[in-house]
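Commentary on secondary and tertiary structure
Spelled out, the chains give:
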Amino acid sequence: MTTYQHDRVLPYDDSGLSKTQQVASMFDDIAGRYDFLNRFLSGGVDLWWRKKAISELKGPDAIGSCIIGSGAGQILDVATGTGDMALMTFKRLHPQKVTGIDISEGMLALGKQKVHQVGLAAQIELKSGDSQAIPFGDNSFDAVTVAFGVRNFEHLEQGLEEIKRVLKPGGKLVVLEFSRPKGAFGHLYQWYMGRVTPFICTLLSRNKKAYTYLGKSIQAFPEGADFTAVLQKTGYRQPSAKALTMGICSIYTGIK
Ligand SMILES: C[S@@+](CC[C@H](N)C(=O)[O-])C[C@H]1O[C@@H](n2cnc3c(N)ncnc32)[C@H](O)[C@@H]1O
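The structure contained in this document is the topic of the report that follows. Since the model is a prediction, treat every value here as computed from it, not as a measurement.

With that out of the way, let us pick up the side chain of Thr 80. Tracing the sequence through the fold places Thr 80 in the loop between β1 (74-78) and α3 (84-93). A relative accessible area of 6% means that Thr 80 is categorised as buried.

Here it is in structure tokens:
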């Protein structure tokens, strides 16, 4: 199994804990401010990115059993965090059920609160679970989404293979992840992520390391064609990549 450069980018380099443990602890620490910082740093554009990603699951050519409004389909949201993707997926596609898993209890607790507040606890279940050992049987889900999660996996290929295992044959994986804009805008963006983001986040979240990690992990992550090559290597058919907002973010898809 290949080790990728980003596997070695750690939130708290010197702690002696594994990347998975460090990532869980970092998200536990920032959970209370995560949603606010997400909206603030992206200027709300992340909501549009999420909608675009979810729309990959609409229509008969997406996955036969998950047509919008049909009430069919089991969807898994891996690295669900505070549940934004799970909630939006349910509201837009009306599947039978959305299940979200995450390694951070702090993020999950907030997600569960949000799900209860909108009365969707019977339709959206959020629970503890690691992408690298998904707690479900083979061929369980019609579709899997991962928003801003794959970059944090300690073992990228293992996570993608586990997702493929729980997908039904013909099921679709949709990944939303930061990528790296090119050209002059790319330089400006690098400066924003390297200097401005950690500064704002230190003020607002008192966790500079979390947002220094964000910038470093984006830099090291295999994006675009490199990521579709990983999808292909891990056995997905028809891997595709689509850049959004001048390449700040990308949607990747693959079929089991
Ligand atoms: C940037 S947040 C994204 C949360 C949510 N998907 C969203 O769109 O807002 C990344 C999440 O990935 C989770 N995560 C990281 N590694 C994971 C793994 N191996 N398995 C499950 N969740 C993981 C973290 O705990 C965190 O909640």
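After presenting the structure, the write-up continues.
A few words now on the layout of surface pockets. Considering only enclosed or pocket space, the largest pocket measures out at about 820 Å³ in volume. Forming the boundary of the largest pocket are 49 residues, of which Tyr 34, Asn 38, Phe 148, Arg 151 and Phe 178 lie nearest the centre. Within the residue set of the lining of the largest pocket, elements represented by two or more residues are α1 (19-42), α2 (45-54), β1, α3, β2 (97-102), α6 (183-205) and α7 (208-220). Of all the elements, α1 adds the most residues to the lining of the largest pocket, at ten residues. Grouping the amino acids of the lining of the largest pocket by side-chain chemistry returns 27 nonpolar, 14 polar and eight charged.

As a further point, take the pairing of strand β5 (residues 167-178). Burial analysis of β5 places nine of its twelve residues in the buried class, which makes it a mostly covered element. When strand β4 (residues 141-147) meets β5, the two strands line up parallel, connected through six bridges. Note on β5: the bridge partner recorded for Val 146 is Val 175. After leaving β4, the chain enters helix α5 (residues 156-166) and then returns to the sheet as β5, a path that is right-handed.

A separate point is the nonpolar core. Phe 27, Trp 49, Ile 124, Phe 148, Leu 176, Phe 178 and Tyr 211 are the most contacted members of the largest nonpolar core, which has 49 residues in total. For this core, the element with the highest residue contribution is α1, accounting for eight residues. Apart from the residues lying within four places of it in its own chain, the contact partners of Phe 178 are Trp 49, Phe 148, Arg 151, Tyr 189, Leu 214, Ile 218, Ile 248 and Cys 249. Among the nonpolar cores identified, the runner-up in size contains 23 residues, and Leu 76, Ile 101, Phe 141 and Tyr 236 belong to it.

For the rest of this paragraph, the subject is the packing of aromatic side chains. The final tally for this structure, using the stated rule, is nine aromatic pairs. Relative to Phe 178, the ring of Trp 49 lies with its centre 6.1 Å away and its plane at 90°, an arrangement referred to as edge-to-face. Residue Trp 49 is found in helix α2, and its partner Phe 178 is found in strand β5; the two are separated by 129 residues along the sequence. Here the two residues Trp 49 and Phe 178 agree in accessibility, since each one is buried. Ring geometry for Phe 148 against Phe 178: centres 4.8 Å apart, planes inclined by 35°, an arrangement best described as tilted.

This brings us to the site of the ligand. What surrounds the ligand is a group of 20 residues, the closest being Tyr 34, Arg 50, Ala 79, Asp 102 and Ala 147. At 2.9 Å from a nitrogen atom of the ligand is found a main-chain nitrogen or oxygen belonging to Ser 131. Judged by its atoms lying within 2 Å of the grid points, the ligand is housed in the largest pocket. At four residues, α1 tops the list of elements feeding residues into the shell around the ligand.

If you check the backbone angles, His 94 has positive phi at about 50° while not being a glycine. Tracing the chain through its elements places His 94 in the loop between α3 and β2. Phi is positive for Phe 148, close to 55°, though the residue is something other than glycine. Here Phe 148 lies in the loop between β4 and α5. Residue classification places Phe 148 among the buried residues on the basis of a relative accessible area of 10%.

Before going further, it helps to spend a moment on the pairing of strand β6 (residues 237-244). Pairing of β6 with strand β7 (residues 249-255), which is carried by six bridges, proceeds in the antiparallel orientation. Within the sheet, the bridge partner assigned to Arg 237 lies in β7 and is Ile 255. Counted along the chain from β6 to the antiparallel partner β7, the turn is four residues long, and its residue Thr 245 has a positive phi close to 45°.

In contact at an axis separation of 7 Å, α1 and α2 are set at 95° when each is read in the N-to-C sense. Here α1 lies roughly perpendicular to α2, going by the angle between them. Contact residues: α1 offers Asn 38, Arg 39 and Ser 42, while α2 offers Val 45, Asp 46, Leu 47 and Arg 50. Looking at the contact of α1 with α2, its residues break down into two nonpolar, two polar and three charged.

Quick notes on the rules
- Residues numbered from 1 in each chain as written.
- Predicted model: local features only at pLDDT ≥ 70, side-chain atom pairs only at ≥ 80, totals over all residues.
- Heavy atoms only, no water.
- Helix = DSSP H or I, 4+ residues; strand = E, 2+ residues; numbered from the N terminus.
- Buried < 20%, exposed > 50% of the residue type's maximum accessible area, 1.4 Å probe, protein only.
- 1 Å grid on protein atoms, 1.4 Å probe; cavity = no way out; pocket = protein on both sides within 12 Å on 5 of 7 lines; lining within 4 Å.
- Points joined across faces, edges and corners; volume = space filled by probe spheres on them.
- Nonpolar A, V, L, I, M, F, W, Y, C, P; charged D, E, K, R; others polar.
- Pairing = 2+ DSSP bridges.
- Right-handed = clockwise from strand over helix to strand, strands pointing away.
- Core = buried A, V, L, I, M, F, W, Y, C linked by side-chain atoms within 4.5 Å.
- Contact = heavy atoms within 4.5 Å.
- Phe/Tyr/Trp six-rings, centres within 6.5 Å; stacked < 30°, edge-to-face > 60°.
- Near = heavy atom within 4 Å.
- Polar contact = N/O pair within 3.5 Å; in protein donor to acceptor, adjacent residues only side chain to side chain.
- Sits in = over half its atoms within 2 Å of the grid points.
- Axes fitted to C-alpha atoms, helices over the stretch in contact; angles between N-to-C directions.
- Parallel < 35°, antiparallel > 145°, perpendicular 65-115°, else oblique.

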